[in-house]
Amino acid sequence: RGETILLVDDEPAIRQIAKGTLETYGYKVLTAADGEEAEEIYRCNMKDIALVITDMMMPVRDGRETIRVLRLINPGLKIVVTSGLVGNEHDDASWQKQTQAFIAKPFTAEKLLTTLQEVLLTQRN
């Protein structure tokens, strides 16, 4: 439906592949390489952004801090988390309460698209 997604990941290949997939299926995609860049992009485009996808492990500002900052700006923002690490970062449930979904890396295009559709449909209802 043309929603704008902010994709935050420090890995250029992941940003490129995920952006291409999302654009192929009609989404508009803005990208950021870290949490600080994500905050700047979000502040400039918050009226347009329907959902944020953020990696948890990033330099400069990690996923937890990015989620915290974005929640301060917009408590109702839909956030999907991605991560390739399983372990201690998932033991701390505080970030889970602030997000709508988790996608483990590596993820398929189908998993990405299905998760976004579910979260965005929840937003409309």
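For the structure, check the block above.
Attention here is on the structure that accompanies the text. (Residues numbered from 1 in each chain as written. Predicted model: local features only at pLDDT ≥ 70, side-chain atom pairs only at ≥ 80, totals over all residues. Heavy atoms only, no water.)

**Section: the environment of lysine 28**
Argument step 1. In this fold, lysine 28 is placed in strand β2 (residues 28–32).
Argument step 2. Residue lysine 28 is classed as exposed on the basis of its relative accessible area, which comes to 51%.
Argument step 3. The sequence separation of lysine 28 and alanine 50 amounts to 22 residues, and the corresponding C-alpha distance is 10.0 Å.
Argument step 4. Setting aside residues no more than four positions away along its own chain, lysine 28 makes contact with Gly2, Glu3, Thr4 and Ile5. (Helix = DSSP H or I, 4+ residues; strand = E, 2+ residues; numbered from the N terminus. Buried < 20%, exposed > 50% of the residue type's maximum accessible area, 1.4 Å probe, protein only. Contact = heavy atoms within 4.5 Å.)

**Remarks on the pairing of strand β1 (residues 4–8)**
Argument step 1. Of all the 5 residues making up β1, 5 are buried; the element is thus mostly covered by neighbouring parts of the structure.
Argument step 2. Residues Thr4, Leu6 and Val8 point to one face of β1 and Ile5 and Leu7 to the other, with burial holding for every one of them.
Argument step 3. Sheet topology note: the β1/β2 ladder contains 5 bridges and is parallel. Residue pairing across strands places isoleucine 5 opposite valine 29, the latter belonging to β2. (Pairing = 2+ DSSP bridges.)

**A closer look at the sheet that holds strand β4 (residues 78–83)**
Argument step 1. Taken together, 5 strands build an open sheet; the order of strands is β2-β1-β3-β4-β5 and the sheet is parallel. In this open sheet, the two strands that pair with only one neighbour each are β2 and β5 (101–104). Averaged over all pairs of adjacent strands, the angle between strand axes in this sheet comes to 20°, irrespective of strand direction.
Argument step 2. The pairing of strand β3 (residues 49–55) with β4 spans 5 bridges and is classified as parallel. If you follow isoleucine 53 over to β4, its bridge partner there is valine 80.
Argument step 3. Running at roughly 140° to β2, helix α2 (residues 35–45) makes contact with β1, β2 and β3 of the sheet. (Axes fitted to C-alpha atoms, helices over the stretch in contact; angles between N-to-C directions.)

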